[in-house]
Amino acid sequence: MSHPRSYEILLIPQFTDANGTDASGTGRTIRSAVVEATGASGESGYPRYAGEGMVADIDPATHTVEAILVDGSELDYGLTVRISEQPVRERSATENHVPENHASGNHVPENHTDG
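One structure accompanies this document, and this report is about it. Note that this is a predicted model, so its numbers are computed, not measured.

What counts, and at which threshold
- Along each chain, the written sequence defines residue order, and numbers are assigned to residues from 1.
- Local features in a predicted model are, by the rule used here, given only for residues with pLDDT of at least 70; side-chain atom pairs are given and counted only at 80 or more, and totals for whole chains, interfaces and linings are based on all residues.
- Computation of side-chain values: all heavy atoms of the structure, hydrogens and water removed.
- What counts as a ring pair is set by centres within 6.5 Å for rings of Phe, Tyr and Trp (its six-membered ring), and what kind of pair is set by the plane angle: stacked under 30 degrees, edge-to-face over 60, tilted for all other angles.
- Note on conventions: DSSP H or I runs of at least 4 residues are helices, E runs of at least 2 residues are strands, and numbering of each starts at the N terminus.
- Only protein chains enter the accessibility calculation, which uses a 1.4 Å probe. A residue is then buried if its area is under 20% of the maximum for its type, exposed if over 50%, and partly exposed in between.
- In the sections that follow, a salt bridge refers to a side-chain nitrogen of Lys or Arg positioned within 4 Å of a carboxyl oxygen of Asp or Glu.

Regarding the packing of aromatic side chains
Tallied over the full model, the rule gives one aromatic pair. Aromatic pair tyrosine 7 and tyrosine 49: ring centres 5.0 Å apart, planes at 75°, arrangement edge-to-face. Here tyrosine 49 lies in strand β4 (residues 47-51) and tyrosine 7 lies in strand β1 (residues 6-16), a separation of 42 residues in the sequence. Taking relative accessible area as the criterion, tyrosine 7 reaches 0% and is therefore assigned buried.

Shown next, in the form of structure tokens:
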């Protein structure tokens, strides 16, 4: 089975009503991170993804986060996790055809001509 190369993980507050059951809405995303496949399996047995302070084991068949650490700690109560197979940042760059920024300084603009 082919595994996605990356996901975007969204941390969202999950609200409950007075009885402790999930309320109809969730809050806005309070943090997100793009995580890349590490090539290893986590303690849960699912592929491990890491990046931007988050480490997650994600079931590629159901796209469910089976385990997650945020800045080395377990997820706080009251937060829920959602994922997207293609990170928003990758989608935006692809849709807008923005050239990649190379840190080496050797990037030549697309409209550059010699002569």
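Topic: the pattern of salt bridges
If you walk through the whole model with that rule in mind, you get three salt bridges. Among the salt bridges present, the one from arginine 31 reaches aspartate 71, with a minimum N-O distance of 2.7 Å. On the criterion of sequence distance, the pair formed by arginine 31 in strand β3 (residues 31-41) and aspartate 71 in the loop between β6 (64-70) and β7 (73-74) is long-range, its members being 40 residues apart. Classification of aspartate 71 by relative accessible area gives exposed; the value is 53%.

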